[in-house]
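# Structural description and commentary
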Amino acid sequence: MGPTLRGTLLAHAVQAVLEGVAAAARYPEDGANEAEDGSTGPGLGNNSSSTSSNSRARLSDAEVLAAREEQWEVEERRKELLVLLKNAAKLAFPEALNFVASKLQAALSGGVSGANGLTGFDGSSSVSKGPTAASVGLRFQDTEVAVTLLYELGEGAPEDALKAGSGGLVQLVLLLVTQGQGLPAGQHRLVALAVLETCVRYCRVLQQEQSAIPAVLSLFLGPKGLGHPSTDVATRACYLLSRLVKTLRANLRPYIDEMLRQLQPYLQIVATQPPPAGGTAVGTGREAGSKALAPVTALVDDRLYVFEAVGLLLGQEELPAQQQLAALNSLLQPLMQQIKTNLQPAAVEQQGGGG
């Protein structure tokens, strides 16, 4: 058997295995998470400005619980399935990369890239575009599994796969980052979580390709990140933003002022509102190979990581003291005003009682 034929057979075998993995790892059609897309949640706080883009009624507790149980079942099933993807990548990385690329490109082809409705990071102003007819009809399952495959591919990739000029994997990551705003079903809770997790996993790419940083910041600080109506997504985004900032601190220096401006309303929500009643920070749990679903408790509020992110940004020695002071004043003044406003009724009542 010649090397050409051997290579062809290997490529076909890898393709067949990965097709099976992708199909088995997919969320079920018309499952509980079809309805629990996160669009009717309160976001970071009970009075958050995050609102649903439709008029759907809130799901019942039973429906939300069914969605969480389905998510747990899928994540458990994936633990073994995705080992096959990682092994295939170690054995035949080009073939595994091509397979994941085909899935991601197929998902992206159903939507529209580009506009995000935010301003500032690259000096441009854009108007948010609604979903296209193609993206409306696309199931979230296809998009979510494509992004998940890209996330998991990193564990089986060779060490030099993310080096500058290495091609394939770097270009695929940049494709997701720069077109993430236009992902079909990208507003779905599980798709938004997968995109944010993947951006953090591959943030080393952003150190090399700094022109993609504005697109990532728009994802994190926009309606698919901290501004998402799902408490799961918004809370997880706080933690993931902190991790992103830890890695990219120096690279983010040119964007600090704009980041702080966009973070201000989220900081005010976290500082003045308790976590939504019954809220959970259910992420994909992909860290350290664990995919456990992590509920928020009274002792753990992952929303507070957004303050850590701000501290990391402003605590850089290279920043002039005047810039640090001005930024802190800008951030703290609205919070101090909110505290004074909240204390006024108590002060009035005390004065009335003393009179």
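Throughout, a residue's number is its position along its own chain's written sequence, starting from 1. Local features in this predicted model are restricted to residues whose pLDDT is 70 or higher, and side-chain atom pairs enter the listing and the counts only when it is 80 or higher, whereas totals over whole chains, interfaces and linings include all residues. Side-chain numbers come from the whole structure's heavy atoms, not from hydrogens or water.

### Focus on the side chain of Asn 33
- In DSSP terms, a helix is any run of H or I states spanning at least four residues, a strand is any run of E spanning at least two, and both are numbered starting from the N terminus. Structurally, the position occupied by Asn 33 is in helix H2 (residues 32-35).
- N or O atoms closer than or at 3.5 Å make up a polar contact, with two conditions inside protein: a donor-capable atom paired with an acceptor-capable one, and, for residues adjacent in sequence, both atoms drawn from side chains. A distance of 2.8 Å separates the side chain of Asn 33 from the side chain of Glu 70, its partner in a polar contact.
- In terms of polar contacts, Asn 33 uses its side chain to reach the side chain of Arg 189, at 2.5 Å.

### Here's the deal with the pattern of salt bridges
- The working definition used for a salt bridge is a side-chain nitrogen of Lys or Arg within 4 Å of a carboxyl oxygen of Asp or Glu. Inspection of the entire model under this criterion finds 20 salt bridges.
- In this structure, Glu 29 and Arg 26 form a salt bridge, with 2.7 Å as the shortest nitrogen-oxygen distance.
- In this structure Arg 26 comes out as buried when scored by relative accessible area, which is 18%.
- Glu 76 is the salt-bridge partner of Lys 79, the closest N and O atoms lying 3.0 Å from each other. Of this pair, Lys 79 and Glu 76 both sit in helix H3 (residues 61-91), 3 residues apart, which is roughly one turn of that helix.
- Through salt bridges with shared partners, a single network forms among Arg 26, Glu 29, Asp 30, Glu 34, Arg 139 and Asp 142. Working definition: with a 1.4 Å probe on protein chains only, accessible area under 20% of the residue-type maximum means buried, over 50% means exposed, and in between means partly exposed.

### A word on the packing of aromatic side chains
- Centres within 6.5 Å are what make two rings of Phe, Tyr or Trp a pair, Trp counting through its six-membered ring; a difference in plane orientation under 30 degrees is then read as stacked, over 60 as edge-to-face, and the rest as tilted. Going through the model one piece at a time under the given rule, you end up with 2 aromatic pairs.
- Their ring planes at 50° and their centres at 5.9 Å tell us that Tyr 27 and Phe 140 sit as a pair that is tilted. In this pair, Tyr 27 is assigned in the loop between helix H1 (3-25) and H2 and Phe 140 in helix H6 (residues 140-156), connecting sequence segments 113 residues apart. Like Tyr 27, the residue Phe 140 is buried in the burial classification.
- Both rings, one in Tyr 239 and one in Tyr 305, keep their centres 4.9 Å apart while their planes meet at 70°; by these two values the pair is edge-to-face.

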